[in-house]
Amino acid sequence: MKDTVLLSISYLPPIQYYTKLILYKNILLEQHENYIKQSYRNRCTILSANGPLALSIPVQKLHGQKTCIRDVKIDYSLPWQKIHWRAIESAYGKSAFFLYYKDDLYPFYSSPVYSFLFDYALALMERMNQLLGIHKTYELTKTYRHEVEEADDFRYTIHPKKNKQSDDPCFSPAVYHQVFAGKYGFQPNLSIIDLLFNEGNESLSCLQRSVFNKPDST
């Protein structure tokens, strides 16, 4: 295990992503990769009354096959902010900590402040870090590199369609209370807001318990 982890930007990342923020000493965020559709870059998964629900931020039509993640603009012609917030409120309105944290997150869904997906997702992640008590600084990549020798690279392994357990032996999601667990059973590795609204100030402890067989740093 290295001291540095390399991550893509992500919209309300899954718990696996957040275990990297607490596990590694240095955080490197990729800002020069090409945008990847159907990934966590513009998508998160919450647990609704109807089961796991994917929420995706619509982006403006991309020109050509490859667009740098920094150049991807959010499409505000669709009322996605209102749709996402209603879904979040419906899913977590009865959770133990929704009322406590909702005012911290609602501004991200009330007006189109951010033009670019990268800026929006990064600002939201910074707010979540504050709420979780994660005090880590990060650096942005200076150029795109396919292989980064000085960092453990999770840009493409933390993905909705990947097998998280086999791809990441250091991640073992700890069980915590979920509003609809009685109906669907425990759903692992949902968006970090699922953990925050259900566990509140115990969220960081749950993240720490989700780090499995932590190897010695080299």
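Before reading further, recall that the structure is shown in the block above.
Residues numbered from 1 in each chain as written. Predicted model: local features only at pLDDT ≥ 70, side-chain atom pairs only at ≥ 80, totals over all residues. Heavy atoms only, no water.

(A) Quick look at the sheet that holds strand 6 (residues 151-153). Pairing within the open sheet is parallel, and its four strands lie in the order 5-2-1-6. Each having just a single partner strand, strand 5 (138-140) and strand 6 make up the two edges of the open sheet. Here the strands of the sheet are splayed against their neighbours by 30 degrees on average, with no regard to which way each runs. Bridging between strand 1 (residues 4-8) and strand 6 involves three bridges; their strand directions are parallel. Directly across from Thr4, in strand 6, lies its bridge partner Ala151. Along the sheet face, helix 1 (residues 15-23) touches strand 1 and strand 2 (26-30) and points at about 150 degrees away from the line of strand 1. (Pairing = 2+ DSSP bridges. Helix = DSSP H or I, 4+ residues; strand = E, 2+ residues; numbered from the N terminus. Axes fitted to C-alpha atoms, helices over the stretch in contact; angles between N-to-C directions. Contact = heavy atoms within 4.5 Å.)

(B) Just the pairing of strand 1, in detail. Among the five residues that make up strand 1, five are buried, leaving the element largely enclosed by the rest of the structure. Burial along strand 1 is two-sided: the face carrying Thr4, Leu6 and Ser8 and the face carrying Val5 and Leu7 are both buried. With five bridges connecting them, strand 1 and strand 2 associate as parallel partners. Its bridge partner lying in strand 2, Leu6 is registered against Leu28. Considered for its hand, the β-α-β crossover made up of strand 1, helix 1 and strand 2 is right-handed. (Buried < 20%, exposed > 50% of the residue type's maximum accessible area, 1.4 Å probe, protein only. Right-handed = clockwise from strand over helix to strand, strands pointing away.)

(C) Inspection of the nonpolar core at higher detail. Counting 63 residues, the largest nonpolar core has Tyr18, Ile88 and Tyr109 as the members making the most contacts within it. The dominant element in this core, judged by the number of residues it contributes, is helix 4 (residues 117-132), at eleven residues. Not counting residues up to four positions away in its chain, the partners in contact with Tyr18 are Pro13, Met125, Met128, Asn129, Leu132, Ile134, Ile192 and Leu207. (Core = buried A, V, L, I, M, F, W, Y, C linked by side-chain atoms within 4.5 Å.)

(D) Here's a closer look at the pattern of salt bridges. Scanning the model with the defined rule gives seven salt bridges in all. Between Arg155 and Glu30 there is a salt bridge whose closest N-O contact spans 2.8 Å. You can see Arg155 sitting in the loop between strand 6 and helix 5 (164-167) and its partner Glu30 sitting in strand 2, a full 125 residues away along the chain. Three or more residues are tied together by salt bridges with common partners; here these are Glu30, Asp153 and Arg155. (Salt bridge = Lys/Arg side-chain N within 4 Å of Asp/Glu carboxyl O.)

(E) Fine view of empty space enclosed by the protein. The final tally for this structure, using the stated rule, is one cavity of 30 Å³ or more. Looking at the largest cavity, its volume works out to about 50 Å³. Residue lining of the largest cavity: Leu21, Ile27, Met125, Asn129, Ile134, Lys136, Thr137 and Tyr138, and that is the complete set. Residues that form the lining of the largest cavity fall into these classes: five nonpolar, two polar and one charged. (1 Å grid on protein atoms, 1.4 Å probe; cavity = no way out; pocket = protein on both sides within 12 Å on 5 of 7 lines; lining within 4 Å. Points joined across faces, edges and corners; volume = space filled by probe spheres on them. Nonpolar A, V, L, I, M, F, W, Y, C, P; charged D, E, K, R; others polar.)

(F) Fine view of the environment of Asp104. With respect to the helices and strands, Asp104 occurs in helix 3 (residues 98-105). If near-sequence neighbours (up to four positions away) are discounted, Asp104 is found in contact with Arg127 and Leu131.

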